[in-house]
Number of protein chains: 2
Amino acid sequence: MMQDFIHSLREHNLKATPQRLAISAALYQNGHMSIDALYEELIRKFDSLSLATIYKNIHIMIENSFIQEVKIPHAKSVYELTKESHSHLVCNSCGLIEDIAVDLAPYFKQHPLKTTFKIEKSELVLSGFCSHCQNS
Amino acid sequence: MMQDFIHSLREHNLKATPQRLAISAALYQNGHMSIDALYEELIRKFDSLSLATIYKNIHIMIENSFIQEVKIPHAKSVYELTKESHSHLVCNSCGLIEDIAVDLAPYFKQHPLKTTFKIEKSELVLSGFCSHCQNS
DNA sequence: CTGGGTGCAAAGTATTTGCATGAAC
DNA sequence: GTTCATGCAAATACTTTGCACCCAG
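Just so you know, these numbers come straight off a predicted model, no measurement behind them.

1. A closer look at the pairing of strand 4 (residues 97–100) of chain B
Relative to strand 4 of chain B, strand 3 (residues 87–91) of chain B runs antiparallel, the two sharing four bridges. Following the sheet pairing, Ser-87 of chain B is matched in strand 4 of chain B by Ile-100 of chain B.

Rendered as structure tokens:
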């Protein structure tokens, strides 16, 4: 497992430091995490961890496409490991975020949008209530 | 025109102050503006305008559904007057933002979502290059 | 009038930067 | 050994708050 992260980090031109491995593992386990959540989790492993290290790593990992930022309506951004294109479900009650396999790119290819823009990417965020919050 | 904004503000339980009218007019003219852009534009009319006033108004206007925040990938949030549901096009080169009417219903008919979430809203942001930036 | 909005200054929070040390490769 | 990451402290940027005064309704 950790071996995979070491290789993956290096493939993205990132040195495999313990802090970066911990970020990778945390995102892998939790799916989506805010800066704060990451810090809270990692500080338990590295008692001298600096928030600046989190910020610096988040930035360089985004630049090198190792992770991606997801902007959530009415909430803080979260970060996730880069994977195949997908969309997000957000629970307005408990904040749960899930991936969902919606890739609109092929659809837009079949049904071109009326615009002069040359579209490269699409970001879709669906919000509502998760199964738990619907029943409580 | 200003009359319309006065009525619209009041319908949203907002007193029609000169500052709020100016925010309304600026958003109407420019479509989408960041906090900074709004401040830069309004300070020309109100030499003693406070940034705090912008922030306070943006918040209460969002709460009262008079405006909405749009989170843009890799950029600051912008704000727009509330109107019928629509999506956004963002130019990765010049930052231009345009509204676009995208109806995802046919897509979801073909590809029903597999989720236990009860979905209430969707936010779609398409990014790429506007016609001008494609040719330069 | 009266409630609520404004500007200002201060406080609070979030993010970035510079630098000396230390670790990855 | 060389390059680059880390932690710390300081700086900067962003946003919120409290309060006295003022304006919209």
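Anyway, onward from the coordinates.
2. Considering the relation of the copies chain B and chain A
Mapping chain B onto chain A leaves a residual RMSD of 1.3 Å; the transformation is a rotation of 180° accompanied by 0.0 Å of translation along its axis. Here the two chains are linked by the operation of a two-fold rotation axis. Looking at chain B, 95% of its interface residues are interface residues in chain A too, so the copies touch through the same face.

3. Comments concerning the domain arrangement of chain A
Residue and element names in this part refer to chain A. If you check the domain split of chain A, you get domain 1 (2–81) and domain 2 (87–134). On a C-alpha basis, the centres of domain 1 and domain 2 stand 23 Å from each other. Counting residues at the interface gives seven residues for domain 1 and six residues for domain 2. Here domain 1 packs against domain 2, burying approximately 570 Å² in sum over the two surfaces, 65% of which is carbon and sulfur.

4. Quick word on the interface of chain B and chain A
Listed per partner, the contact involves 38 residues of chain B and 36 residues of chain A. For the interface between chain B and chain A, the tally reads zero salt bridges. Our count for the chain B to chain A interface comes out at 14 residue pairs in polar contact (both at pLDDT 80 or more). Counting residues per element, the ones that place at least two in the side of chain B that touches chain A are strand 3, strand 4, helix 5 (105–110), strand 5 (118–129) and helix 6 (131–134) of chain B. In terms of residue class, the side of chain B that touches chain A is built from 21 nonpolar, nine polar and eight charged.

5. Things to note about the protein's contact with DNA strand C
What surrounds DNA strand C is a group of 20 residues, the closest being Arg-10, Tyr-55 and His-59 of chain A together with Thr-17 and Thr-53 of chain B. Counting only the atoms of DNA strand C that lie within 4 Å of the protein, the sugar and phosphate share comes to 77%. For DNA strand C, a phosphate oxygen lies 3.0 Å from a polar atom in the backbone of Ala-16 of chain A. Contacts to DNA strand C include Ser-48 of chain B, whose backbone N or O atom sits 3.1 Å from a phosphate oxygen. Looking at the surface near DNA strand C, its residues break down into six nonpolar, seven polar and seven charged.

6. So, the environment of Pro-112 of chain A
Residue and element names in this part refer to chain A. Structurally, Pro-112 can be placed in the loop between helix 5 (105–110) and strand 5 (118–129). We classify Pro-112 as exposed; its relative accessible area is 62%. Measuring from C-alpha to C-alpha, the distance between Pro-112 and Val-78 comes to 31 Å, with 34 residues separating the pair along the chain.

7. What to know about the protein's contact with DNA strand D
Taken together, 20 residues lie around DNA strand D, and Thr-53 and Lys-56 of chain A together with Arg-10, Tyr-55 and His-59 of chain B are the ones closest in. In DNA strand D, atoms within 4 Å of the protein come from the sugar-phosphate backbone in 76% of cases. Contact between DNA strand D and Thr-17 of chain A: a phosphate oxygen at 2.8 Å from a side-chain N or O atom of the residue. Those elements that provide at least two residues to the surface near DNA strand D are helix 2 (18–30) and helix 4 (51–63) of chain A together with helix 4 (51–63) of chain B. Taken together, the residues of the surface near DNA strand D break down into six nonpolar, seven polar and seven charged.

8. Some thoughts on empty space enclosed by the protein
All names here are of chain A. Overall, the coordinates contain one cavity of 30 Å³ or more when judged by the stated rule. Among the elements that take part in the lining of the largest cavity, strand 5 stands out by supplying three residues, more than any other. Residue composition of the lining of the largest cavity, by class: three nonpolar, four polar and two charged.

9. Re the packing of aromatic side chains
Aromatic ring pairs are defined here through the distance separating the ring centres and the angle between the ring planes. Within this structure, the stated rule accounts for five aromatic pairs over all chains. Centroid distance Phe-5 of chain B to Tyr-28 of chain B: 5.7 Å. Interplanar angle 70°. Geometry classified as edge-to-face. Residue Phe-5 of chain B is found in helix 1 (residues 2–11), and its partner Tyr-28 of chain B is found in helix 2 (residues 18–30); the two are separated by 23 residues along the sequence. A residue is classified by how much of its surface remains accessible, and Tyr-28 of chain B, at 52% relative accessible area, is exposed. Pairing Tyr-107 of chain B with Phe-108 of chain B gives two aromatic rings, centres 5.5 Å apart and planes at 75°, and the pair type is edge-to-face. Ring-pair connections join several aromatic residues into one group, and the members of that group are Tyr-107 and Phe-108 of chain A together with Tyr-107 and Phe-108 of chain B.

Analysis parameters
Residues numbered from 1 in each chain as written. Chains lettered and ligands numbered in written order. Predicted model: local features only at pLDDT ≥ 70, side-chain atom pairs only at ≥ 80, totals over all residues. Heavy atoms only, no water. Pairing = 2+ DSSP bridges. Helix = DSSP H or I, 4+ residues; strand = E, 2+ residues; numbered from the N terminus. Least-squares fit on C-alpha atoms with pLDDT ≥ 70 in both. Contact = heavy atoms within 4.5 Å. Domains from an automatic or database assignment. Buried area = accessible area lost by both parts, 1.4 Å probe. Salt bridge = Lys/Arg side-chain N within 4 Å of Asp/Glu carboxyl O. Polar contact = N/O pair within 3.5 Å; in protein donor to acceptor, adjacent residues only side chain to side chain. Nonpolar A, V, L, I, M, F, W, Y, C, P; charged D, E, K, R; others polar. Near = heavy atom within 4 Å. Buried < 20%, exposed > 50% of the residue type's maximum accessible area, 1.4 Å probe, protein only. 1 Å grid on protein atoms, 1.4 Å probe; cavity = no way out; pocket = protein on both sides within 12 Å on 5 of 7 lines; lining within 4 Å. Points joined across faces, edges and corners; volume = space filled by probe spheres on them. Phe/Tyr/Trp six-rings, centres within 6.5 Å; stacked < 30°, edge-to-face > 60°.

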